[in-house]
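# Analysis of the macromolecular model
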Amino acid sequence: LDPLLQKVPAFKPFFVVFWVFTSWALLSVMTGAVSEGMLENRAEENAEDAGNAQAEARKVAHRMRQIALDTDSNRGGTIDRAEFDSLRKSTKWKEMQKVSKISPHMIAEIFDNLLEAQPKVEGEEPAVALDEFISAFIRTKSTDGQ
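Before going into details, it helps to say that this report is about the structure given with it. (Residues numbered from 1 in each chain as written. Predicted model: local features only at pLDDT ≥ 70, side-chain atom pairs only at ≥ 80, totals over all residues. Heavy atoms only, no water.)

## A short note on the overall build of the protein chain
We count it as follows: Secondary structure elements are taken from DSSP: a helix is a run of H or I of four residues or more, a strand is a run of E of two residues or more, and numbering for both begins at the N terminus. Any residue under 20% of the maximum accessible area for its type is buried, any over 50% is exposed, and the rest in between are partly exposed; the area is computed with a 1.4 Å probe on protein chains only. Contacts between residues were defined by any pair of non-hydrogen atoms, one from each residue, lying within 4.5 Å. To measure how exposed things are, a 1.4 Å probe is used in the Shrake-Rupley method; for residues, cover is taken only from the protein chains shown. Neither His nor the chain ends is counted toward charge; the positive residues are Lys and Arg and the negative residues Asp and Glu. To locate a charge, take atom NZ for lysine, CZ for arginine, CG for aspartate or CD for glutamate.
Of regular secondary structure, the protein chain possesses 6 helices and 2 strands. Tracing the protein chain from N to C terminus, the helices and strands come up as α-α-β-α-α-α-β-α. Scored against the burial criterion, the 146 residues of the protein chain give a buried share of 25%. Put simply, of all contacts in the protein chain between residues at least 6 apart along the chain, 60% involve residues at least 24 apart. Taken as a whole, the protein chain presents about 10500 Å² of accessible surface, with 61% of it coming from carbon and sulfur. With 18 positive and 23 negative side-chain charges, the protein chain shows a separation of 6 Å between the mean positions of the two kinds.

Structure, rendered in structure tokens:
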């Protein structure tokens, strides 16, 4: 290359520009390849994390449903105030807190809000449907970012 540049010195600026652009293009291609690989790995990790989170949510919902079914003493598919108060005095209360990772105050608040939202029927004790109770837990956990 030296003999050519010595013979035709006007090629030097073109050669430098060519060298700079070639190096820049090669660096861009390599950076793009590495970035693409990192993005694909992250997407796979996100999909795996989402699958794990969904599996965990199903497991929590299943256990919460078991606790709620145990609480439903009349097997009516609902929990009334007396059944909820009985739950609070039982060992299932601590388990519910542990499984749901929701504070006792928040669990009581969820139940109270759901109970207040129930239509009032003359002569009947208001009660919360089990599925509604479990769904409220799931919604609360997802809004807490857990």
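## Quick word on the packing of aromatic side chains
Put simply, the rule is: Stacked, tilted and edge-to-face pairs are distinguished by plane angle, under 30 degrees for stacked and over 60 for edge-to-face with tilted covering the rest, among Phe, Tyr and Trp rings (Trp via its six-membered ring) whose centres lie within 6.5 Å.
For the coordinates displayed, the defined rule picks out 5 aromatic pairs. With centroids separated by 5.7 Å and ring planes inclined at 85°, the aromatic side chains of Phe84 and Trp93 adopt a geometry described as edge-to-face. Accessibility assignment for this pair places Phe84 and Trp93 in one class, buried. The rings of Phe84, Trp93, Phe111 and Phe133 are connected pair by pair, giving a single aromatic cluster.

## Digging into helix H3 (residues 81-89)
Rules: Working definition: the arc comes from the directions between the helix axis and the C-beta atoms, pointing outward to the latter. Nitrogen and oxygen atoms within 3.5 Å of one another constitute a polar contact, given that in protein one can donate a hydrogen and the other can accept it, and given that sequence-neighbouring residues count only through two side-chain atoms.
Along H3, the residues classified as buried are Glu83, Phe84 and Leu87. Taken around the axis of H3, the buried residues stretch over an arc of 100°, which confines them to a single face. Exposed positions of H3 whose direction lies more than 90 degrees from the buried face are Ala82 and Lys89. Sitting at the head of H3, Asp80 places a side-chain oxygen 3.2 Å from the backbone nitrogen of Ala82.

## Topic: a negative patch on the surface
The test is simple: Exposure above 30% relative accessible area and the absence of a salt bridge qualify a residue for a patch, where like charges join within 9 Å and nonpolar side chains (Val, Leu, Ile, Met, Phe, Trp, Tyr) within 5 Å. Salt bridges, as used here, are contacts in which a Lys or Arg side-chain nitrogen is within 4 Å of a carboxyl oxygen on Asp or Glu.
Together, Glu36, Glu40, Glu44, Glu48 and Asp49 make up a negatively charged patch on the protein surface. Residue placement: Asp49 occurs in helix H2 (residues 11-71). Owing to a relative accessible area of 43%, Asp49 belongs among the partly exposed residues under this scheme.

## Structural notes on the nonpolar core
How we decide: Among buried residues, those of type Ala, Val, Leu, Ile, Met, Phe, Trp, Tyr and Cys that are joined through side-chain atoms within 4.5 Å constitute a nonpolar core.
Phe84, Met96, Phe133 and Phe137 are the most contacted members of the largest nonpolar core, which totals 24 residues. Broken down by secondary-structure element, the contributors of at least two residues to this core are H2, H3, helix H4 (92-100), helix H5 (104-116) and helix H6 (130-143). If you tally residues by element for this core, the top one is H5, at 6 residues. When neighbours within four sequence positions are excluded, Phe137 is seen to be in contact with Met64, Met96, Ser100, Ile102, Ile107 and Ile110.

## Quick notes on the side chain of Glu83
Along the chain, the position of Glu83 falls in helix H3. Within the buried core, Glu83 has no salt-bridge partner, and the shortest N-O distance to an opposite charge, that of Arg75, equals 7.4 Å. For Glu83, the residues in contact, after removing those within four places along its chain, are Thr71, Asp72, Ser73, Asn74 and Thr78.

## Details of a nonpolar patch on the surface
A contiguous nonpolar surface patch, about 380 Å² in accessible area, is contributed by Leu4, Val8, Phe11 and Phe14. Tracing the backbone through its elements, the reader meets Leu4 in helix H1 (residues 2-7). Taking the relative accessible area as the measure of exposure, Leu4 reaches 43% and is therefore partly exposed.

## Describing the pattern of salt bridges
One pass over the structure, following the stated rule, counts 7 salt bridges. In this structure, Glu45 and Arg42 form a salt bridge, with 2.8 Å as the shortest nitrogen-oxygen distance. Placement of the pair is Glu45 and Arg42 together in helix H2, with a separation of 3 residues, close to one helical turn. Note on Glu45: relative accessible area 42%, which makes it partly exposed. In this structure, Arg81 engages Asp112 in a salt bridge whose closest nitrogen and oxygen atoms are separated by 2.4 Å. Placement of the pair is Arg81 in helix H3 and Asp112 in helix H5, with a sequence separation of 31 residues. Judged by its relative accessible area of 27%, Asp112 is partly exposed. Bridged by salt links that share partners, the residues Arg81, Asp85 and Asp112 form one connected network.

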